[in-house]
Structure formats: C-alpha cells, structure tokens
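# Reading the structure
Chain residues, written in single-letter form:
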Amino acid sequence: MRKKVRAAREARNLAPIPARHTLSEIFSQPAAWRETSRQLEQQGTLEQLSKLFFPRSPWLFIACGSSYYLSQVVATLWTRQLQAACSAVPASEFLFAPGETLRRTGAQRVVLVSRSGETTEVLRAARLLEADCSIVTLGVTCNAESPLEKLCARTLKLTWANEKSTVMTRSFTSALDRLPEKVEPWLEANAGKIQDFGGKRRFADFIFLGQGAHYWMAQEAALKITEMSSSYAQAYHTLEFRHGPRAIASRDTLITFLLSEAAAEEETLLVSEMKELGAATFVVANHATKTLERASDLLIELRLDEPEFARLAPLAIPAQLLGAAVGLRKGLDPDTPKNLSRVVTLRRDGDNPAKRRGA
Ligand code: F1P
C-alpha cells in the first residue's frame, strides 16, 4: 500500500501544473516592460531606428493573430500621437493583394511583427517586400535567431519578452517604462478578483467592447478568451453594439467594456442599458463612477495617471487572467490550448493540412 501511495504522490508531483507558464508570463509583464525599457535605452535602439524610419512617412504593419492586434493598436496610436499615416493588415490579406495594399496605404516603411519570427505568412510577406527596393522593412520579434531577421533590413529583437506559452501575453505588451512599479501592486490587488469571477461564474459566450485603440484591445481580449478557454468570444466597437449585436445580451453572456476617455460618457450609458437588459457586465476603467459601480457585475479600476496610450498594456491583463480562469474552470490547460500551436507554419502545396509545429 505504501508503495502505491508514494507512486501516486510522485505522479501528482510530475503532473504538469495547468496554466503554469501562461500565468507566470501574465504576472511577469511589469518586469518584462521594465527590461524592455532598460534594454532599448542601453542599446540606443530607438535613436538608431529613427535614422532609418522617419515618423512622417506612411507606415504599414503586417502580422498575424495577437501580433496583428498589437500592430493595429500601435498603428492607431502612431496616427494619433505622431500624425503619421499608419495602418496594419493581417499578413494573409497583404499576400492576396500586395500591390493594392501598398497603393492604398502609400507605405514606404513596413514593420513585420512576429513573436516567433517564423510564421509562414509573415515570412512570405517579407520575401515579397524584399524584392521591392522602394520599401524599407523592420522586423520585430522575440526570437533571438529567426528567418524573419534574415529577410528584413533591420530587426528589433525583444528576446527577454519571449514566452514558452502558445498564447501571447507579455510579448504583446512589452513596450513601456514607468508603469511596472505601479502595475505590480495593481496586479496583486486585482488579479484574484478577476480569477474568482472567471472561475466561478459560468458564461455561454463573451463580448468585448472598445472604441478607438481600445477596439483592437477588445479584439485581442476576445482572442485570449477563445485561445485559453475554447469559448465563443466576439469584439465590437462599443457603440456599434446597439446596432444589432445587442440582440444576444443575456445573463449568460458576459459583456466586457474597455472604457476609453473619449467615449466614457456614452460607453457608461451603454453599460447601464445592458445591465437593465439583464446582461452580465465586466467593466475595466481608469476610474470608477457611481453609475459604473451600480451597473457592473465586476468593475476593475486601473487608477493610473499615465496618459491613456500608456495604459493600454495593463488594459490587456484582465482578459488574459479571465481567459486563464475560464479555461481552468472548463478543465482545460491554457498552456496547451486546444487545436493551437505556438507557430503556424504552412506548406506551399495547399491541399495538405497546415503543418503545425510544436505545442
Ligand atoms: C502569431 C500567432 C499567435 C497565436 C498563436 C499562433 O504568432 O497567431 O498570435 O497566439 O501562437 O501564432 P507570431 O507570428 O507572433 O509568432
């Protein structure tokens, strides 16, 4: 009997701890941001790149998955903050219409973003652009050695932000400096509330709403929930929700509002409307109001005095934690998400199923 007990205990110790990598990477984001700021400062990277890439020339970002949503957030911010003509497209969209995409965007600078630096569609786009000498390309990756680096004029490598997980978290948010010391206590104070809420309440599906750059954060949030918990999740521009999608509002649908400064008043009205419809509501705002407190099943405040664009990285964290909690409650392991691989590599002869590398 003693042997059996020992064997069972050893087996339990050897069993992988579900979501171990994913959760440790989620909580390591402030440290990853701190390291990013230190490395870029120390290496003088931004000064070097500014000589090659002037903000005024039209920019185009090309990426897939979370890297695509990150690119859309950056394109929105650069257009607003740098008055640069900046846009982002999924690599597959570029591949099927390269000339049209370049004509429409007028892009002379193209940034190819890929955590792995190995995603086939991104590499195919880089090869197409390599042949066009009027375009200067910048690769952005977390991989120390990647095929992407060989195809781009320059490459920015954030190797310290790389992840073991399939699902991207810190590699998505690593781009800031003053926030780490504020977000670490915020994580301590709020992570448990989000994990409890996601671990206890059962929802049939999830909606994420955001305006402006927050819309792309809502898209990334929906992708996190889908990847980590194999749940149905959709993202809309917040005020578009009234124009049809609100038909699905019910207590079984969790509607998450990523509140923006510009549209806060209108967005708050919608939160109250959805509450009156009986929907479950999760609000992430920089500062709470009495109305929001009354209309939210869960209300998380960032309480950061940084400008809104600098708050977007921590804004990614609630959905990462919610996705991991819902996935664990459903008996899944976000470290090995269903049907997913860390890198999507395709084979040229289209009829073969996409070859998926590694977990
Ligand atoms: C892009 C990506 C990830 C997704 C999954 C499959 O990877 O779509 O966003 O979570 O890992 O690959 P990359 O091009 O950024 O390496």
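Located above this text is the structure these notes cover.
The following refers to the structure shown. The model shown is predicted, which means the values in this text are computed figures rather than measured ones.

## Topic: the site of the ligand
Looking at the ligand, there are 14 residues lining it, with S67, S114, R115, S116 and T119 nearest. S114 places a polar side-chain atom, nitrogen or oxygen, 2.8 Å from an oxygen atom of the ligand. The contact in question runs from an oxygen atom of the ligand to an N or O atom on the side chain of E227, over 2.9 Å. A total of 390 Å² of accessible area belongs to the ligand in isolation, and the protein chains cover 95% of it. For the shell around the ligand, the element with the highest residue contribution is helix α5 (residues 65-81), accounting for three residues. When the residues that make up the shell around the ligand are grouped by side-chain class, the tally is three nonpolar, eight polar and three charged.

## Here's the deal with the state of the cysteines
Within this structure, the stated rule accounts for zero disulfides. C142 carries a free sulfur, and the closest cysteine sulfur to it, the one in C152, is 14 Å from it. A relative accessible area of 5% means that C142 is categorised as buried. With no disulfide of its own, C152 lies closest to C64 among cysteine sulfurs, the gap being 13 Å.

## Let's talk about the nonpolar core
The biggest cluster of nonpolar side chains holds 68 residues, and the ones touching the most others in it are F206, F208, L254, F282, I317, L321 and L322. At 10 residues, the largest contribution of residues to this core is made by helix α12 (residues 213-229). Those residues in contact with L254 that lie beyond four places of it in its chain are F197, F203, D205, F206, I207, A280, T281, F282 and L322. Listed in part, the 18 residues of the second largest apolar core include I62, A107, L112 and V122.

## Considerations on the environment of L128
Mapping L128 onto the fold places it in helix α8 (residues 120-130). Taking the C-alpha atoms as reference points, L128 and F94, 34 residues apart in sequence, are found 9.8 Å from one another.

## Observations regarding the pattern of salt bridges
The final tally for this structure, using the stated rule, is 16 salt bridges. With a shortest N-O distance of 3.4 Å, R246 and E273 are connected by a salt bridge. Within this pair, whereas R246 is found in the loop between β7 (232-237) and β8 (253-258), its partner E273 is found in helix α13 (residues 264-276), the two being separated by 27 residues in sequence. The class of E273 is partly exposed, set by a relative accessible area of 25%. Among the salt bridges present, the one from D297 reaches K275, with a minimum N-O distance of 2.8 Å. Here K275 lies in helix α13 and D297 lies in the loop between α14 (290-295) and β10 (298-301), a separation of 22 residues in the sequence.

So, how was this worked out
- Residues numbered from 1 in each chain as written.
- Predicted model: local features only at pLDDT ≥ 70, side-chain atom pairs only at ≥ 80, totals over all residues.
- Heavy atoms only, no water.
- Near = heavy atom within 4 Å.
- Polar contact = N/O pair within 3.5 Å; in protein donor to acceptor, adjacent residues only side chain to side chain.
- Areas by Shrake-Rupley, 256 points an atom, 1.4 Å probe, with all protein chains shown as cover.
- Helix = DSSP H or I, 4+ residues; strand = E, 2+ residues; numbered from the N terminus.
- Nonpolar A, V, L, I, M, F, W, Y, C, P; charged D, E, K, R; others polar.
- Disulfide = S-S within 2.5 Å.
- Buried < 20%, exposed > 50% of the residue type's maximum accessible area, 1.4 Å probe, protein only.
- Core = buried A, V, L, I, M, F, W, Y, C linked by side-chain atoms within 4.5 Å.
- Contact = heavy atoms within 4.5 Å.
- Salt bridge = Lys/Arg side-chain N within 4 Å of Asp/Glu carboxyl O.

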